Each structure stands twice: as structure tokens, then as C-alpha cells.
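Now for the letters of each chain:
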Amino acid sequence: MTTLRCSSCDAVPATGDALACAQCGELLAFVLQTDRFDAHEVEANARVRRASLEPRDRSGVWRFRELLPPVAPEAITTLREGDVPLIDAPRGAAYAGVDGLAYLHLGVNPTASFKDAGMTVAISHARERGARVAVCASTGNTAASMAAYAARAGMAAVVIAPVEAISAAKVAQTLDYGAHVVGVAGDFDDALRAVRALDPATIAVVNSVNPYRIEGQKTAALVLLELRGWIAPDWVVLPGGNLGNASALGKGFREARAIGLTLRTPRLAVVQAAGAAPFARAWRNDAELVPVRAETDATAIRIGAPASWKKARAEVRASGGTVLDVSDAEIAEARAVIGRDGVGCEPASAASLAGLRRLVADGSVARDADVVCVLTGHVLKDTAYAARYHASAASHANAIVRGVELGEYLEALLLTHA
Ligand code: F0G
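Residues numbered from 1 in each chain as written. Predicted model: local features only at pLDDT ≥ 70, side-chain atom pairs only at ≥ 80, totals over all residues. Heavy atoms only, no water.

**A closer look at the pattern of salt bridges**
Step number 1: A full pass over the atoms with the stated rule returns 28 salt bridges.
Step number 2: Salt-bridge contacts for E66 lead to R49; the nearest nitrogen and oxygen are separated by 2.7 Å. Separated by 17 residues along the polypeptide, E66 in the loop between helix 2 (55–58) and strand 3 (86–88) and R49 in helix 1 (residues 39–50) bring together distant segments of the chain.
Step number 3: The salt bridge involving R254 is made with E315; its shortest N-O contact spans 2.6 Å. Of this pair, R254 sits in helix 9 (residues 244–259) while E315 sits in helix 11 (residues 309–319); the two residues are 61 residues apart in sequence, bridging distant segments of the chain.
Step number 4: What makes R254 partly exposed here is its relative accessible area of 38%.
Step number 5: Judged by relative accessible area, E315 falls into the buried class, the value being 8%.
Step number 6: Each of the salt bridges in this network shares a partner with another, and the network as a whole consists of R50, R63, R80, D83 and E226. (Salt bridge = Lys/Arg side-chain N within 4 Å of Asp/Glu carboxyl O. Helix = DSSP H or I, 4+ residues; strand = E, 2+ residues; numbered from the N terminus. Buried < 20%, exposed > 50% of the residue type's maximum accessible area, 1.4 Å probe, protein only.)

Below is the structure:
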């Protein structure tokens, strides 16, 4: 019920492992025959499976397995990914200037980022076809996710990454899962170029240029709708780097509407870091994307030549959405605000709230709009960043208290919390 096609010229690839169209070089994508589904059946299956004891039923990805490329049950490699919470965010709402706001927290996944939803599908497929080695370029989260799922699948994992320029916590996590971490000079874009040149027939390349990743990640849209009784919000705001996730969420919402699971799709707002914002610039100029040399403290999205920009543009356009960029200072402040709701995320994720604040300020998003910000990674993914922030003079910094008399300190605190 789903076929692999070129996302641009519609050609059918000769092999199921290809990452690019042999005719025109563009990325491949699965096309789901949405008219073959009954919305009530999809919804009922998901509901029954949520209460099941079988691991693949409990997964927020595999409980929608009919909407995914078929994988033999014995190849499915799952860690109960995708079953994430939607958390309301009163402080975040006040900060952004909207009446109500919720976070879809994809950092609450087995390896603490949204990558797991895509990785379970990519690695399960690679396992089914007998791949022995998985490879990715990464700014850290794809690395950790691939490493974990490859470990479960009994495959070797090789990460190509600018290790000095990404979060040490992510590198350590990846080493824990047993991956080979190959540090390279240059940046993520250089690493991805090297990985895309590999032969996908012998090596499973699991970056988001792999269409199986997109299929897994699209289920975040289904889980979000499921958590809201199949009623879409007005806006979904998410960070953009390589732009696989914007492509995936857009696809998920579109398919959900085509099947009849929901009546409408949300507008997508994709937010980039100002120093890594080639997509935001292309959007503003209504022009082709021109790669940049990326620089931002939100190292997860330090990406200058996003591979999936055309897919993402199509999804943002189809949704009636927008693309923008925010400064590193705005990201830092928004991240601290997210923490005050007791949630917490890594810097790249906070681009969503910073972007929403901008969109409300310029009138693009109404104050009474129904908005969901997508948090892509957990706060513990980059504790060095958080520690630096709180030791700084930034407006929401929360400095460690030293050299006080505890009794007096608590007494003063009681007065201010009367
Ligand atoms: N947020 C986080 C926490 C990320 O790790 C990434 C990408 C993004 C947002 C952007 O998502 O690339 O689909 O637009 N991280 C990749 C990695 C590049 O290697 O972990 P995107």
C-alpha cells in the first residue's frame, strides 16, 4: 500500500535500498495509497495496541504499522519509541504571547531525541535485508539513536561526526551503545557528503536521506493527533536543520487528513538558528537554497546544506506555513523558559518556542491560536550548554548559590513565597 518513488520526477527506483533517484538525483519518498485505509480502523487499531503487552504494539511508531513500509515482524527492532507526551506549557505560552501552548516532547524517547521514531524503521528494514553495518553522519542525536538500534539489531554502527563541535554528552552516549565513532575534520555537511557517497547496497546509510527514516518520523504527527482526539492544532512549530523532520511531520499530517483521521492539517512553522539558516533565507527570497557555512551554539542544527530542503519546502507550502530564523540569544532564553515549566530540552529544540514568540510578535500567529511546539531533544543531551547559560549574566540565568547561611537563606525564601 506504499511505494517508493522519486520525490521530484516520480520515477520508481530499481532497488529498495537506493537513497537518490537514478534519473534526476533527488531524494526518494514513499507514497502511501491513502484511499486504501479506513480511518476508524486505523484509530481503533492504535487504541487497542496502546493497551497491548507486545513491544511493537506499545511503540508509537509500530502501532501505526499499516501506514509504514512493510517489515517482517521478526526484523522489527523497537525500544518502545514514539510514545511521547503532549505537555501543556503555561510559562512557555506567556513567554510566546499565546493563550495556550503545549509541547510535543520527542526528547522523551529511548535515546532522548526524535530520531528514534525514524531509526526504528530504518534499522528494522536494514536488518530485514541482512545489512551488517549501519552508517550515519551526525551532529550527535542521529548517532546515539543509530548506535542504540544497531546494538539491538546486532549490527555494527559507524558514526562520522565533527566530534569536537557537538555535545560531548551525545558522543559519550553513542560510545556507550558500542558504535565506532569516527571523528572528522570539517562539519556535518562534509560528513554527510562522505556518507551519501557510500554504496547503500552494502552499507545501511541511516541519515534522513533514507526514506525509511521519514516514514518512522511521520508517526509523530499521528501521535500528536491521537493525543488531541484527532483534532489538529492551528500551528505546529519545530526546529529545522537537515529538514528531514519537517518533511516527515508534514507528510504525516497530510496522510492523516487524506485517510480521514483528522479534518485539517496544521500550519507548519520551521525555525532555524540564524547562523545556520539557508532554508529561512531561501523561503524569504522565494528562491533556491544556497548552502552556507553554518555556525550556531545549537550544535544539533549547525547544518549549512540541508539535504531535505525541497521536501520540507513542499510540506511547509502545502500546510500554509512559514520558515524563519532566530538568534542564538533568543534560543538560549527560550530554552531557559521551557525549563521553568519543568520540561527541559536541548538548545536546538528551543528554537521552536523562540520562533513562536517572533511569529506572535509580528502577527503571523494569533494570540488565541492553538499551538504545539515540538521539542526534539532532552535537556540532558547538552548539559554543558545549560551549565554555561546558568553561569552567565543572561536574563533567565539561575546561578548556583554559594557562601550563604542556610537558615537565613530559607527564611528569606519563605518570605518571598508567602
Ligand atoms: N533538533 C535536534 C535536537 C536535532 O538533533 C536535529 C537534527 C534537529 C532538531 C533538526 O532536525 O535535521 O530533521 O531538520 N539532528 C541531526 C543529527 C542532524 O545528526 O542528530 P532535521
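**Looking at the environment of A332**
Step number 1: Mapped onto the elements of the fold, A332 is located in helix 12 (residues 328–340).
Step number 2: Here A332 falls in the buried class, since its relative accessible area comes to 11%.
Step number 3: It is 25 Å that separates the C-alpha atoms of A332 and D368, two residues lying 36 residues apart in sequence.
Step number 4: Excluding anything up to four places from it in sequence, A332 contacts Y385 and Y389. (Contact = heavy atoms within 4.5 Å.)

**A look at the nonpolar core**
Most often, soluble globular proteins have nonpolar side chains that are buried together.
Step number 1: F253, L261, V270 and F279 are the most contacted members of the largest nonpolar core, which totals 41 residues.
Step number 2: Residue assignment for this core shows that the elements contributing at least two residues are helix 1, helix 8 (211–227), strand 9 (235–239), helix 9, strand 10 (267–273), helix 10 (278–285), helix 11 and strand 12 (370–375).
Step number 3: Per-element accounting of this core gives the leading share, six residues, to helix 8.
Step number 4: Contacts of F279, omitting those with residues within four sequence positions, involve L243, V270, Q272, L289, W309, A312, R313 and V323.
Step number 5: In this structure, W235, A269, V343 and L356 belong to the second largest nonpolar core, which totals 40 residues. (Core = buried A, V, L, I, M, F, W, Y, C linked by side-chain atoms within 4.5 Å.)

**Digging into the pairing of strand 9**
Step number 1: Within strand 9, five of the five residues are buried, which leaves it mostly tucked inside the rest of the structure.
Step number 2: The β-α-β motif built from strand 9, the intervening helix 9 and the parallel element strand 10 has right-handed crossover chirality.
Step number 3: As judged from the three bridges shared by strand 9 and strand 12, these two strands associate in the parallel manner. What sits directly across from V236, in strand 12, is V372. (Right-handed = clockwise from strand over helix to strand, strands pointing away. Pairing = 2+ DSSP bridges.)

**Observations regarding the site of the ligand**
Step number 1: In the vicinity of the ligand lie 20 residues, with S138, N141, G241, L243 and T376 positioned nearest.
Step number 2: Separating an oxygen atom of the ligand from a backbone N or O atom of G241 is a distance of 2.7 Å.
Step number 3: The protein chains hide 98% of the 470 Å² of surface that the ligand would expose on its own.
Step number 4: When each cavity is represented as a set of grid points, the ligand is found to reside in the largest cavity.
Step number 5: Among the elements of the structure, helix 5 (141–153) and helix 9 are those that each provide at least two residues to the shell around the ligand.
Step number 6: Of the residues contributing to the shell around the ligand, the split by class is seven nonpolar, eleven polar and two charged. (Near = heavy atom within 4 Å. Polar contact = N/O pair within 3.5 Å; in protein donor to acceptor, adjacent residues only side chain to side chain. Areas by Shrake-Rupley, 256 points an atom, 1.4 Å probe, with all protein chains shown as cover. 1 Å grid on protein atoms, 1.4 Å probe; cavity = no way out; pocket = protein on both sides within 12 Å on 5 of 7 lines; lining within 4 Å. Sits in = over half its atoms within 2 Å of the grid points. Nonpolar A, V, L, I, M, F, W, Y, C, P; charged D, E, K, R; others polar.)

**With respect to the sheet that holds strand 11 (residues 322–326)**
Step number 1: With mixed pairing, six strands are arranged side by side in an open sheet as 3-4-12-9-10-11. The outermost strands of the open sheet, each flanked by one partner alone, are strand 3 and strand 11. In this sheet, adjacent strand axes meet at a mean angle of 25° when their direction is disregarded.
Step number 2: When strand 4 (residues 100–105) meets strand 12, the two strands line up parallel, connected through six bridges. Paired with L101 across the two strands is V371, which belongs to strand 12.
Step number 3: Relative to strand 11, helix 10 is tilted by about 130°, and along the sheet it contacts strand 10 and strand 11.
Step number 4: Taken strand by strand, helix 12 contacts strand 4, strand 10, strand 11 and strand 12, and its axis lies near 95° from that of strand 11. (Axes fitted to C-alpha atoms, helices over the stretch in contact; angles between N-to-C directions.)

**Some words on the layout of surface pockets**
Step number 1: Taken as a whole, the largest pocket spans an internal volume of roughly 570 Å³.
Step number 2: Lining the largest pocket are 27 residues, and of these S7, S8, A29, K311 and E315 lie nearest its centre.
Step number 3: Within the residue set of the lining of the largest pocket, elements represented by two or more residues are strand 1 (2–6), strand 2 (28–32), helix 9 and helix 11.
Step number 4: Tallied by class, the residues present in the lining of the largest pocket amount to eleven nonpolar, six polar and ten charged. (Points joined across faces, edges and corners; volume = space filled by probe spheres on them.)

**Comments concerning the side chain of K311**
Step number 1: Relative to the helices and strands, K311 is located in helix 11.
Step number 2: E215 provides the closest opposite charge to the buried, salt-bridge-free K311, at an N-O distance of 7.4 Å.
Step number 3: Polar contacts involving the side chain of K311 include one to the main-chain carbonyl oxygen of L28, which spans 2.8 Å.
Step number 4: Excluding residues that lie within four positions of it along the chain, K311 makes contacts with S7, L27, L28, A29, I214 and S247. (Lys, Arg positive; Asp, Glu negative; His and termini not counted.)

**Looking at the sheet that holds strand 8 (residues 204–205)**
Step number 1: With parallel pairing, four strands are arranged side by side in an open sheet as 7-6-5-8. The strands lining the two open edges of the sheet, one partner per strand, are strand 7 (180–183) and strand 8.
Step number 2: Two strands pair when backbone bridges link them, and strand 5 (residues 133–137) and strand 8 are joined in this way by two bridges, in the parallel orientation. When the bridges of strand 8 are listed, V135 appears paired with V205.

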